[in-house]
Amino acid sequence: MTSLIHHETLRDPSRVQLTDDGRLKHFLTTEGLSAELLTEILDTADSFISTQERAVKKVPLLRGKTVVNLFFENSTRTRSTFELAAKRLSADILNLDIARSATSKGETLMDTLWNLEAMYSDMFVVRHADSGAAHFIAEQVTPNVAIINAGDGRHAHPTQAMLDMLTIRRHKEGIAGKVVAIVGDILHSRVARSQIYALRTLGAAEVRVIGPGTLLPKDIEALGAKPFYDMKQGLADCDVVIMLRLQKERMQNALLPSEGEFFKLYGLTEAKLACARPDAIVMHPGPINRGVEIESAVADGPQSVILNQVSYGIAVRMAVMAMAMSGQQSQNSSEEMA
Amino acid sequence: MLQIRNVRLIDPAQHRDDITDILVDNGRIHSTGDAGSGLVISESRDGNGLWLLPGLIDLGGHLPEPGYTQKGTIESETRAARSGGFTHICSLPDTSPVADTSAVIKLILEKAASAAQVHVLPLAALTQGLAGEQLASMVTLSEAGAVAMSNARHIIRDSYVLRRLMEYAATYDIPVFLSANDAALAAGGCMHEGPVSTRLGLPGIPATAETVSLAKILLLAEQTGARLHISQVSCGRSVLMLRQAREQGLNITADTPLANLLYTHDAILGYRSLYNVQPPLRTEEDRQALLAAVESGELAISSNHRPHEIAAKKAPFAEARPGMSQYDCFLPLAMTLVHRGELSLNALIRALTVLPASVLRLQHGLSSGQAFNACLFNPETEQTISASDLYSQGHNHPAIGASLRGRVEEVFVSQV
């Protein structure tokens with residue numbers, strides 16, 4: 001019988017980022033990665049945290065390697081943490097801010113990447129406005145360069161999600177069994193999607209998403225998250241509350257009436273936080289909008305771990321860069337031998 | 001006189017499916033059955049094990065000429081269509097320049113006369129420049145040779161314009177082909193809105209982008225009495241709405257692209273830009289509803305053929321150009337639906353011959369006296385498709401690398 005339909009397309013989409021023997025060679029998404037692999041990332045990051053507290057912070061894992069920061073979308077914060085992470089791994093780092101050209105973007109993108117590959121780059125850290133951009137580069141453009149996804153459209157931001165996992169693990173003694181709520185603009189959030197997959201895989205008891213119907217994506221249950229429209233109900237018995245940044249554009253797109261109404265319904269105040277467990281922690285991927293999604297008293301309060309998240313970011317990025325480089329090298333050398 | 005002996009003749013127009021001989025004289029069918037005596041047979045062929053079908057008719061494919069010859073030419077794409085079993089194709093008007101003047105229609109017809117491998121039936125633009133604002137000169141365009149008016153998938157936002165163009169076309173009994181798509185609801189989307197778009201983080205196109213627009217079109221059709229054909233239906237709900245409209249006496253036809261019968265949004269997993277098509281691939285429930293409507297004769301099947309050069313598809317999903325090359329091996333590809341038991345052979349052939357012929361009011365079939373536009377098909381030959389087998393310049397074809405059962409042996413295109 002003809003075996004035409006989906007024969008290749010239904011395969012596990014996360015396979016692209018793994019070597020033949022199941023190690024990381026790119027880091028594109030948390031979806032489909034095993035609990036063992038996610039835990040290995042967290043353990044490796046933990047080990048780097050101790051090196052970060054030393055006077056000499058560098059380790060030589062990426063010595064002689066060239067890492068290129070390819071940011072097709074601006075982001076000073078994320079780019080800086082990747083830059084620091086690469087430097088602390090002793091890599092050479094090149095920062096490229098590439099405004100997207102208006103015409104034949106695909107072609108421009110490919111030409112740019114091939115040129116960089118020809119300069120013997122070993123790793124691209126990619127941020128791009130299109131969902132799937134990092135996937136596309138890893139699969140179709142430069143598969144022999146390790147690709148680290150630093151955020152693609154609404155799809156994934158896996159290093160942010162992993163630093164969030166590390167934060168939860170360090171502050172809540174593990175992720176298994178925890179109830180986690182993610183609040184706000186889930187629809188446009190690559191961070192939320194990556195968090196949901198990582199939390200489910202690492203054994204969170206429940207992942208809740210809280211927001212108005214306009215900002216919760218259709219069929220979000222299929223990803224393993226439980227939707228709530230009411231903030232207080234959604235926060236009940238939570239161990240972890242993750243607030244997302246609200247972009248101003250949402251008001252113009254008829255997704256929300258006003259910042260004021262959003263804050264009234266979903267802004268994290270001390271009163272609302274009281275619905276969660278008393279020892280619940282509050283997280284935010286930043287940058288925060290005080291008075292829009294979170295009030296200052298909470299952001300700066302005792303339950304907030306927002307600044308800790310930032311300091312773990314470098315360790316997590318060092319971990320995935322080191323692991324992906326090692327996986328990519330072993331894959332390339334085994335292909336050369338074959 | 002050409003004779004084909006012992007061939008299985010399948011013609012849903014005559015409710016015929018039997019093994020017979022057929023005689024063709026000067027491009028017209030002389031007779032079927034026993035040839036009798038006294039006829040001079042110059043060429044006789046053994047049709048044993050083969051099927052003879054009326055040539056397939058496409059209600060809408062993109063011929064990239066004029067304007068986009070990097071994607072294909074009238075010659076390359078009609079050659080592909082012929083190899084896929086087609087004898088007639090309706091060419092969509094979104095060429096460059098747009099087919100909104102008689103000069104462009106004539107250009108297409110002249111080019112077709114010298115280079116095309118099948119009958120090219122141009123669809124002219126409904127509105128000038130496909131902009132959805134001013135009516136195109138429908139009567140002049142019809143006289144120049146356009147078989148119907150279409151706005152391709154360019155959206156007519158203004159309900160007033162939609163009403164007036166239907167009224168105007170109805171005055172002259174000019175057929176109007178419309179795609180149902182609401183600009184505001186579809187805005188920014190690049191695939192069906194549902195669990196897969198949520199998972200991939202791709203902006204979605206809700207089913208209501210089609211159904212809201214279709215509701216408006218159906219109400220205006222009722223008011224204006226336009227001779228309407230709905231192109232490229234993709235939602236199960238649309239099938240229901242069309243059925244209700246017909247039950248209320250509206251004379252309306254519709255088609256669905258083959259891709260929407262073959263695939264669902266699951267095909268996009270892994271960001272496969274090949275499956276970035278318009279209308280978008282939708283859910284399994286939608287696909288089943290479309291199949292049922294083809295089975296019952298409510299929907300014709302169109303190709304929605306859209307060849308692209310490699311660079312147009314090699315981009316992150318949302319930036320890849322939508323569309324799939326479909327003409328090459330079209331019939332073997334469509335036959336997979338029959339092999340999988342999802343569609344009866346009769347319904348498939350009817351949806352590709354009888355139904356489109358009635359939309360276009362074409363005389364088409366395998367009865368005596370008709371022009372010989374037919375497809376000789378070997379149902380058993382297995383073939384593995386490689387890019388080098390394709391006639392189309394567009395290599396954005398889903399069958400590349402696949403093994404297909406059945407092969408078009410020859411397509412007869414009448415000169416009359």
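Everything numeric in this text was worked out from a predicted model, so none of it was measured.

(A) Expanded view of the overall build of chain A. When helices and strands are counted, chain A shows 12 helices and 9 strands. Against the compact-globule benchmark of 20 Å for 338 residues, chain A has a radius of gyration of 20 Å, which places it among compact chains. Projected onto its principal axes, the C-alpha coordinates of chain A cover approximately 60 × 55 × 45 Å. Within chain A, counting contacts between residues at least 6 apart in sequence, those at least 24 apart form 74% of the total. On chain A, roughly 13,600 Å² of surface is accessible, and the fraction owed to carbon and sulfur atoms is 50%. Of the charged side chains in chain A, 36 are positive and 40 negative, and the gap between their average positions amounts to 4 Å.

(B) Layout of helix H1 (residues 35-52) of chain A. All names here are of chain A. Helix length check: H1 (18 residues) gives 25 Å between terminal C-alpha atoms against 26 Å at 1.5 Å per residue, within 8%. Taken together, the buried positions of H1 are occupied by Leu37, Leu38, Ile41, Leu42, Thr44, Ala45, Phe48, Ile49, Thr51 and Gln52. For H1, the angular spread of buried residues about the axis comes to 165°, placing them on one side. Lining the buried residues of H1 we find helix H2 (76-88), helix H5 (158-172), helix H6 (190-201) and helix H12 (306-337).

(C) Spotlight on helix H10 (residues 284-295) of chain B. All names here are of chain B. In this model, H10 (12 residues) spans 16 Å end to end at C-alpha, consistent with the 16 Å of a helix rising 1.5 Å per residue. Looking only at H10, the buried set comprises Asp286, Arg287, Leu290, Leu291, Ala293 and Val294. Each buried residue of H10 lies within a common arc of 160° when the element is viewed along its axis, so the set occupies one face. Immediately downstream of H10, the backbone of glycine 297 shows phi near 85°, a positive value.

(D) Fine view of the packing of helix H1 (residues 74-83) of chain B against helix H2 (residues 102-115) of chain B. All names here are of chain B. Where H1 contacts H2, the axes come no closer than 10 Å and their chain directions differ by 60°. Relative to H2, the element H1 is oriented oblique. As for the relative orientation of H1 and H2, their crossing is right-handed in sense. Listed contacts from H2 to Ile74, Glu75 and Thr78 of H1 are Ile108, Lys111, Ala112 and Ala115. Residues that form the contact of H1 with H2 fall into these classes: 4 nonpolar, 1 polar and 2 charged.

(E) Representation of the packing of aromatic side chains in the model. Within this structure, the stated rule accounts for 7 aromatic pairs over all chains. Judged by centre distance (5.3 Å) and plane angle (65°), the ring pair of Phe86(B) and Tyr327(B) falls under edge-to-face. Highlighted residues: Phe86(B) in strand E7 (residues 86-91) and Tyr327(B) in the loop between helix H11 (310-313) and helix H12 (330-339), separated in sequence by 241 residues. You can call Phe86(B) buried: its relative accessible area is 1%. Linked through ring pairs, Phe86(B), Tyr327(B) and Phe330(B) together constitute an aromatic cluster. Over the ring of Phe263(A) we find Lys272(A); its NZ or CZ atom is 5.9 Å from the centre of that ring.

(F) Just the domain arrangement of chain A, in detail. All names here are of chain A. Entries for chain A in the domain assignment read domain 1 (13-156 + 312-329) and domain 2 (158-309). Summarising the inter-unit geometry, the C-alpha centres of domain 1 and domain 2 are found 25 Å apart. Between domain 1 and domain 2, the contact holds 34 residues from the first and 28 residues from the second. When the buried area of domain 1 at its contact with domain 2 is split by residue, Leu42, Arg154 and Tyr312 rank highest and sum to 32% of it. Where domain 1 packs against domain 2, one counts 4 salt bridges.

(G) Region of interest: unusual backbone geometry. Residues and elements named next belong to chain B. A cis amide bond links glutamate 65 to the next residue, proline 66, at an omega of 5°. Mapped onto the elements, proline 66 comes out in the loop between strand E6 (56-61) and H1. Of note, the amide linkage connecting glutamine 278 to proline 279 takes the cis form, showing an omega dihedral of 0°. Following the sequence through the fold, proline 279 ends up in the loop between helix H9 (258-262) and H10. Even without glycine at this site, arginine 361 takes up a positive phi of about 50°. Topologically, arginine 361 is positioned in the loop between helix H14 (354-360) and strand E16 (374-384).

(H) Summary view of the packing of H12(B) against helix H13 (residues 345-352) of chain B. Residue and element names in this part refer to chain B. As a packed pair, H12 and H13 sit with axes 9 Å apart at the nearest point and diverge in direction by 140°. For the element pair H12 and H13, the recorded crossing hand is right-handed. Contacts between H12 and H13 involve Phe330, Ala334, Met335 and Val338 on the former and, on the latter, Leu345, Leu348 and Leu352.

(I) Quick look at the layout of surface pockets. Taken as a whole, the largest pocket encloses approximately 1,200 Å³ of empty space. Along the walls of the largest pocket sit 49 residues, with Arg127(A), Arg190(A), Val191(A), Gln247(A) and Gly286(A) positioned nearest its centre. Taken together, the elements giving at least two residues each to the lining of the largest pocket come down to H2, H5, H6, helix H8 (249-252) and H12 of chain A. Considering each element in turn, the lining of the largest pocket owes the most residues, 7 residues, to H12(A). Taken together, the residues of the lining of the largest pocket sort by class into 16 nonpolar, 20 polar and 13 charged. Shared between two domains, the lining of the largest pocket takes at least three residues from each, and those domains are domain 1 (13-156 + 312-329) and domain 2 (158-309) of chain A. Computed from the structure, the second largest pocket encloses a volume of approximately 730 Å³. Broken down by secondary-structure element, the contributors of at least two residues to the lining of the second largest pocket are helix H5 (183-186) and H9 of chain B. Classifying every residue of the lining of the second largest pocket gives 19 nonpolar, 14 polar and 6 charged.

(J) Summary view of the sheet that holds strand E1 (residues 66-71) of chain A. Residue and element names in this part refer to chain A. Spatially, 4 strands are ordered E2-E1-E3-E4 in an open sheet, and the strand pairing comes out parallel. Every other strand in the sheet has two partners, leaving strand E2 (92-97) and strand E4 (146-152) as the edge strands with one partner each. Taking each pair of neighbouring strands and ignoring which way they run, the sheet shows an average axis angle of 15°. As defined by bridge partners, strand E3 (residues 123-128) adjoins E4 across 5 bridges and the pair is classed as parallel. Each bridged residue has a counterpart across the sheet, and for valine 125 the counterpart in E4 is isoleucine 148. Sheet strands in contact with helix H4 (residues 133-141) are E3 and E4, and its direction is about 165° off that of E4.

(K) A look at the side chain of Thr44(A). For Thr44(A), the location among the structural elements is in helix H1. Discounting chain neighbours no more than four positions away, the residues touching Thr44(A) are Ala319(A) and Met323(A).

(L) Highlighting the sheet that holds strand E6 (residues 206-210) of chain A. All names here are of chain A. With parallel pairing, the 5 strands of this open sheet are ordered in space as E7-E6-E5-E8-E9. What marks the edges here is a single partner per strand, and that holds for strand E7 (226-228) and strand E9 (281-283). Recorded for the sheet is a direction-independent mean angle of 20° between the axes of neighbouring strands.

What counts, and where the lines are drawn
- Residues numbered from 1 in each chain as written.
- Chains lettered and ligands numbered in written order.
- Predicted model: local features only at pLDDT ≥ 70, side-chain atom pairs only at ≥ 80, totals over all residues.
- Heavy atoms only, no water.
- Helix = DSSP H or I, 4+ residues; strand = E, 2+ residues; numbered from the N terminus.
- Rg over C-alpha atoms; globule rule 2.2 N^0.38 Å.
- Contact = heavy atoms within 4.5 Å.
- Areas by Shrake-Rupley, 256 points an atom, 1.4 Å probe, with all protein chains shown as cover.
- Lys, Arg positive; Asp, Glu negative; His and termini not counted.
- Charge placed at Lys NZ, Arg CZ, Asp CG, Glu CD.
- Expected span 1.5 Å × (residues − 1).
- Buried < 20%, exposed > 50% of the residue type's maximum accessible area, 1.4 Å probe, protein only.
- Arc of directions from axis to C-beta.
- Axes fitted to C-alpha atoms, helices over the stretch in contact; angles between N-to-C directions.
- Parallel < 35°, antiparallel > 145°, perpendicular 65-115°, else oblique.
- Left-handed = near helix turned anticlockwise from the far one by under 90°.
- Nonpolar A, V, L, I, M, F, W, Y, C, P; charged D, E, K, R; others polar.
- Phe/Tyr/Trp six-rings, centres within 6.5 Å; stacked < 30°, edge-to-face > 60°.
- Lys NZ or Arg CZ within 6 Å of the ring centre and 35° of its normal.
- Domains from an automatic or database assignment.
- Buried area = accessible area lost by both parts, 1.4 Å probe.
- Salt bridge = Lys/Arg side-chain N within 4 Å of Asp/Glu carboxyl O.
- 1 Å grid on protein atoms, 1.4 Å probe; cavity = no way out; pocket = protein on both sides within 12 Å on 5 of 7 lines; lining within 4 Å.
- Points joined across faces, edges and corners; volume = space filled by probe spheres on them.
- Pairing = 2+ DSSP bridges.

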